Every structure is written in structure tokens, then in C-alpha cells.
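Tertiary structure, described
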Amino acid sequence: MRASLFALALLALAACSSPVKVGLPNADWNDGGRIPGRYAATIQSGAWRKDISAEGFACGGWTFPTDADGAYAVAMKKALDDNFESVTLTPEMKPADLAAQGYDASIIVYQGAFDTRLLIVEQAYWTFGAEASVGMSGIVALVGPGGLIGQASPEGSGARRGKIALCDDAGPMISTASRMALMGFIQNATREARELATTTR
């Protein structure tokens with residue numbers, strides 16, 4: 001245990017980076033059958049990447065570059081496919097163009113905040129722990145040929161904690177917390193999109 005503490009102390013003095021890969025959320029996205037109709041979909045991405053810095057002396061020089069965008073874009077599209085009869089990814093479309101191109105409506109999902117925290121603390125004599133927390137928020141909107149039908153503000157959150165021997169052991173905790181937050185956000189965004197779509201039928 002003295003060796004672990006010594007390693008943590010040494011690593012805290014150097015600026016180190018440990019990339020974090022966020023895996024696809026493992027979930028059944030279907031929320032009650034597929035809604036009929038032909039929908040365009042615009043899924044914004046690019047906002048859920050950041051370097052997460054560790055708080056606390058033990059790993060204070062460390063950053064964890066985290067990219068949740070890849071997993072988000074794939075999982076969000078799958079969730080829409082599982083809940084709507086026909087979904088085609090498109091750039092954001094003007095309402096007047098929807099009917100002309102044969103779409104009933106457009107589902108637009110905007111990314112919002114990507115809130116993160118990684119805290120490294122001494123749990124007891126010679127032992128350290130890490131706690132990662134992640135929050136995601138955004139906007140889902142449904143636009144028809146006549147304009148905006150409605151919008152909602154889905155959120156998702158996740159947290160993971162555990163003991164660490166080395167600073168980069170915190171990476172998997174960030175990954176798990178991010179995957180949990182993605183799952184919550186996507187489930188809520190899909191549920192809100194369904195509710196908006198059913199009000200127009």
C-alpha cells in the first residue's frame with residue numbers, strides 16, 4: 001500500500017493524460033411500439049467532448065480527455081429507429097421543405113451541457129478513492145410543415161465510485177458514469193419525442 005501511495009504522489013507531480021473511451025449504452029430503446037410516419041432527424045453532435053481534470057492533490061496534474069459524441073450519435077439514431085417507423089438523418093430542414101420531401105415532421109435533438117466532476121480523495125490510511133459524476137442535458141424538438149410543434153428538455157446523469165491504485169484507474173469510472181448519463185438522456189429524449197409526435201396524430 002505504501003507503494004501505491006508513492007506512485008500516486010509521483011504521478012500527481014506530472015501533467016499526465018489518460019483518454020477515456022465511452023462505450024455504447026446497452027439498452028432496449030423501444031418505448032411502446034413504433035410510431036407510424038416518415039420522419040427527418042437531425043442529431044447535433046460535437047459538444048460532448050472535454051478534458052476532465054481530477055480534483056484533489058493525489059492526481060491533481062491529470063486530465064482525462066473524454067469523448068461521448070461517438071457513442072451518443074450511434075445510440076440516439078438507434079433509439080429513434082426503434083421508436084419511429086421511418087427515420088432519415090438529414091441536415092436541419094425548413095418547415096416548408098418537409099412536406100415537399102415527403103416527411104411528416106422533423107425530430108431535432110440538440111446537445112446542451114456536459115457537466116463532469118472527478119474527485120480523488122483519501123478514504124482511509126494509505127488508500128484512495130475516485131468518484132466520477134456526469135450530467136448531460138439538451139433539447140428535443142418536433143417541427144412539422146407548419147412550424148414548431150413542441151419541444152422538451154431531457155436530461156441524464158450518472159455516477160461511479162471506487163478505490164484506485166493508480167491515477168488512470170479513474171478512467172473506467174468516468175466511462176461508466178458517462179455511459180449512464182447517455183442512457184438516461186437518450187431514453188428521456190426519445191420518450192419526449194414520442195409524446196410530441198403522438199399529439200399530432
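Data block above holds the structure.
Residues numbered from 1 in each chain as written. Predicted model: local features only at pLDDT ≥ 70, side-chain atom pairs only at ≥ 80, totals over all residues. Heavy atoms only, no water.

1. A look at the overall build of the protein
Scanning the protein from N- to C-terminus turns up 4 helices and 10 strands. Traced from its N-terminal end to its C-terminal end, the protein shows the element sequence α-β-β-β-β-β-α-β-α-β-β-β-β-α. The principal-axis extent of the C-alpha atoms belonging to the protein is close to 70 × 30 × 20 Å. Every one of the 201 residues in the protein was classed for burial, and the buried ones make up 44%. (Helix = DSSP H or I, 4+ residues; strand = E, 2+ residues; numbered from the N terminus. Buried < 20%, exposed > 50% of the residue type's maximum accessible area, 1.4 Å probe, protein only.)

2. Things to note about the packing of aromatic side chains
For the structure on display, the rule yields 5 aromatic pairs. Clustering of aromatic rings is evident, with ring pairs tying together Trp48, Tyr72 and Phe185. The ring of Phe114 has Lys50 sitting right over it, with the charged end atom 5.8 Å from the ring centre. (Phe/Tyr/Trp six-rings, centres within 6.5 Å; stacked < 30°, edge-to-face > 60°. Lys NZ or Arg CZ within 6 Å of the ring centre and 35° of its normal.)

3. Describing the nonpolar core
Formed by 51 residues in total, the largest nonpolar core has its most connected members in Phe64, Tyr72, Phe84, Ile107, Leu118 and Ile120. Contributing elements (two or more residues each) for this core: strand S3 (35–43), strand S4 (49–55), strand S5 (62–67), helix H2 (69–83), strand S6 (84–89), strand S7 (105–124), strand S8 (127–144) and helix H4 (171–198). Considering every element that reaches this core, the biggest residue donor is H4, with 11 residues. The next biggest cluster of nonpolar side chains, apart from the first, holds 6 residues, and it includes Ala40, Met93, Tyr103 and Val143. (Core = buried A, V, L, I, M, F, W, Y, C linked by side-chain atoms within 4.5 Å.)

4. Things to note about the side chain of Thr66
Note on placement: Thr66 falls in strand S5. At 2.9 Å, the side chain of Thr66 forms a polar contact with the backbone oxygen of Phe64. (Polar contact = N/O pair within 3.5 Å; in protein donor to acceptor, adjacent residues only side chain to side chain.)

5. Regarding H2
With 15 residues, H2 ought to run about 21 Å at 1.5 Å a step, and its terminal C-alpha atoms sit 21 Å apart, in line with that. Residues of H2 that are buried include every one of Asp69, Ala71, Tyr72, Ala75, Met76, Lys77, Ala79, Leu80, Asp82 and Asn83, and no others. In this structure, the buried residues of H2 make contact with S3, S4, S5, S6, S7 and H4. (Expected span 1.5 Å × (residues − 1). Contact = heavy atoms within 4.5 Å.)

6. A short note on the state of the cysteines
One way to say it: the disulfide is the covalent bond shared by the sulfur atoms of two cysteines. This structure, assessed with the given rule, holds 1 disulfide. One disulfide in the model links Cys59 with Cys167; its S-S distance is 2.1 Å. Across the S-S bond linking Cys59 and Cys167, the dihedral sits near -90°, which makes this disulfide left-handed. Of this pair, Cys59 sits in the loop between S4 and S5 while Cys167 sits in the loop between strand S10 (155–164) and H4, placing them 108 residues apart in sequence. Neither residue differs from the other here; Cys59 and Cys167 are each classed as buried. With no disulfide of its own, Cys16 lies 7.5 Å from the sulfur of Cys167, the closest cysteine sulfur. The class of Cys16 is partly exposed, set by a relative accessible area of 23%. (Disulfide = S-S within 2.5 Å.)

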